[in-house]
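Reading the structure
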Amino acid sequence: MNYYVIVFNRERRELISLESFPDSSIAIKARFEKEMEDPGSRLEIVVLGAESEDALKRTHSRYFGEIQEVTPA
Amino acid sequence: MAEGVALSKQIVNPVNQLGRRLRESSEPTQDDLRELSHILEERAKTLEIVARQLREIGLSPTTRIKNTGTIIEKLKRESTLKLSKIQDLAGARIVRSMTLDEQDEIVSMIIGKWPSAKVKDRRVSPTYGYRAVHVIVEIDGYFVEIQVRTHYQHAWAQATESFGDLWGRAIRYGGDPEEPDRPVSDGVSITRRELIGKWKEMSNDFYKLAELENDVSRIRALLPKIEDTRERVTQEEAIRSLEIKIAKKFKNEKDIFEILSRSLR
């Protein structure tokens, strides 16, 4: 299982970044750090878990319009 | 701890106190957000156990930890809800191209794994158009919500989320879109409110279509068992008649579903 931190701009319906992590705790900590970078931001920062990115795209397709940046952590 | 065991007050009280502070604060403190993050790390461990067990019975879930903004939104929207009682802080989702009967089978498999799980069947009585079956599992006092969605239900739900991104999340809870009387785009007379109304009706149409396809699938499954030739011909005609009905009455829905599936892929 891989864990992904997704940053999504809801107003522009745009995927800002997607980072993958091997562990859910590390992913949630990374999400917290991102939230603290810009408190009160309207960006949606979400932690998802999936066997693969393709599986994620099937069940959470809403996030996958345009990808600006995809980085393994 | 075993399934269904209640958490002690020493654990629950601080969690609910945090929930109250998050609800009442216009801007949550960094300490409270960190505490929430630690709670979510715990929930994620329970979610991992559930996901692993779902995979053991042949299902392929993806998982989701509820994001901070929607947790706070939910606490503010439901003024008596306790943080410890939110059932979807940790969730799993199973999406398949399947009939309604197959959806029932998956739900039965999950209940077979967790017999005390609670089932919320939102197919016949949807929540503002949202249809799915949710199974709530409780492990060590923590809840995990497992969403089981067919392809139609999922396409509708994802598109609704996107409407919510564009015109405000209130749509998902029966509210109006932002600027409800504004046309959906230049040169189009239909307003946002009207479009959302039609979209909710579309959920009913998708469901009727799914019911007919389910009927077809049931008859098809019976065909090999029918020995009497005349009876088999009758059932084959019933299938053809249902397929014609689907093609005629639900052409729009099929087309819209195809467009959604392509755009959401």
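Rules behind the numbers
- Throughout this description, residue numbers start from 1 for each chain and increase along the sequence as written.
- Following the order in which they are written, the chains are lettered starting with A and the ligands numbered starting with 1.
- At least 70 in pLDDT is required for a residue's local features to be given in this predicted model, at least 80 for side-chain atom pairs to be given and counted, and no such filter applies to totals for whole chains, interfaces and linings, which use all residues.
- Values reported for side chains reflect all heavy atoms of the structure, with hydrogen atoms and water molecules removed beforehand.
- Geometry is summarised by axes, namely lines fitted to C-alpha atoms with helices restricted to the contacting stretch, and by angles between N-to-C directions that run from 0 to 180 degrees.
- Put simply, DSSP H or I for four residues or longer makes a helix, DSSP E for two residues or longer makes a strand, and each gets a number counted from the N terminus.
- The labels follow the angle: roughly parallel below 35 degrees, roughly antiparallel above 145, roughly perpendicular from 65 to 115, and oblique for the rest.
- In what follows, a contact means two residues having at least one pair of non-hydrogen atoms within 4.5 Å.
- Only buried residues count toward a nonpolar core. Its members are Ala, Val, Leu, Ile, Met, Phe, Trp, Tyr and Cys residues joined through side-chain atoms within 4.5 Å.
- Relative accessibility under 20% of the residue-type maximum defines a buried residue, over 50% an exposed one, and the middle range a partly exposed one, all with a 1.4 Å probe and only protein chains included.
- Helix crossings are classified by the rotation of the near helix relative to the far one: an anticlockwise turn of less than a right angle makes the crossing left-handed, while a clockwise turn makes it right-handed.
- Nonpolar residues are Ala, Val, Leu, Ile, Met, Phe, Trp, Tyr, Cys and Pro. Charged residues are Asp, Glu, Lys and Arg, and all others, Gly as well, are polar.
- The span expected for a helix works out to 1.5 Å for each residue beyond the first.
- The arc in question is formed by the directions pointing from the helix axis toward the C-beta atoms.
- Any two of the Phe, Tyr and Trp rings considered here, Trp counted by its six-membered ring, make a pair once their centres fall within 6.5 Å; the pair's planes then place it as stacked at under 30 degrees, edge-to-face at over 60, or tilted in between.
- Charge over a ring is defined by NZ of Lys or CZ of Arg lying within 6 Å of the ring centre and within 35 degrees of the ring normal.

With that settled, the discussion passes to the packing of helix H2 (residues 30-56) of chain B against helix H3 (residues 68-77) of chain B. If you want to describe how two helices pack, look at the angle between their axes and the distance between the axes. Residues and elements named next belong to chain B. It is the contact of H2 with H3, at a shortest axis distance of 12 Å, that shows an interaxial angle of 100°. Classified by the interaxial angle, the pair formed by H2 and H3 is roughly perpendicular. Each of Leu-33, Leu-36 and Leu-40 in H2 lies in contact with H3, whose residues at this interface are Thr-68, Ile-71 and Ile-72.

Residues and elements named next belong to chain B. Within the largest apolar cluster, 47 residues are counted, with the highest numbers of intra-cluster contacts made by Leu-54, Ile-65, Ile-71, Leu-83, Ile-110, Trp-114 and Ile-146. In terms of residue count, H2 provides more of this core than any other element does, 8 residues in total. If we skip the residues at most four places from it in the chain, Ile-146 touches Val-50, Leu-54, Ala-92, Ile-94, Ile-110, Trp-114, Val-133, His-134, Val-135 and Val-137. If you look at the next biggest cluster of nonpolar residues, it comprises 29 residues, including Ala-155, Ala-159, Trp-199 and Leu-209.

Right, let's get into the packing of helix H1 (residues 24-37) of chain A against H2 of chain B. Contact pair H1 of chain A / H2 of chain B: the axes reach a minimum separation of 9 Å and the direction vectors enclose 155°. On the basis of the axis angle, H1 of chain A is roughly antiparallel to H2 of chain B. As H1 of chain A packs across H2 of chain B, the resulting crossing turns out to be right-handed. For the pair H1 of chain A and H2 of chain B, contact is made by Ser-24, Ser-25, Ile-28, Lys-29, Arg-31, Phe-32 and Met-36 of chain A and by Gln-30, Leu-33, Arg-34, Ser-37, Leu-40, Glu-41, Ala-44, Lys-45 and Glu-48 of chain B, respectively. Residues belonging to the contact of H1 of chain A with H2 of chain B are distributed by class as follows: 6 nonpolar, 4 polar and 6 charged.

Turning to the environment of Val-135 of chain B, a few remarks are in order. All names here are of chain B. Position of Val-135 relative to the elements: it lies in strand E4 (residues 133-139). Judged by its relative accessible area of 0%, Val-135 is buried. When neighbours within four sequence positions are excluded, Val-135 is seen to be in contact with Val-107, Ile-110, Ala-117, Lys-118, Val-144, Glu-145 and Ile-146.

All names here are of chain B. Across its 21 residues, helix H7 (residues 229-249) extends 30 Å between first and last C-alpha, which sits within 8% of the 30 Å expected from 1.5 Å per residue. All of the buried residues along H7 are Gln-235, Ile-239, Leu-242 and Ile-246. Around the axis of H7, the buried residues are gathered within 65° of arc, so they sit on the same side. Turned more than 90 degrees away from the buried face of H7, the exposed residues are Thr-229, Arg-230, Ala-247 and Lys-248.

Residues and elements named next belong to chain B. Tallied over the full model, the rule gives 8 aromatic pairs over all chains. Between Phe-163 and Trp-199 the ring centres are 5.8 Å apart and the planes differ by 70°, which places this aromatic pair in the edge-to-face class. Of this pair, Phe-163 sits in helix H5 (residues 151-167) while Trp-199 sits in helix H6 (residues 192-222); the two residues are 36 residues apart in sequence, bridging distant segments of the chain. The interplanar angle of 90° and the centroid separation of 6.5 Å between the aromatic rings of Trp-199 and Phe-206 together place this pair among those described as edge-to-face. No difference in accessibility class separates Trp-199 from Phe-206, as the two residues are buried. Cluster of aromatic residues (ring-pair linked, three or more members): Tyr-152, Trp-156, Phe-163, Trp-167, Trp-199, Phe-206 and Phe-257. It is Arg-77 that lies over the ring of Tyr-173; its NZ or CZ is 3.7 Å from the centre.

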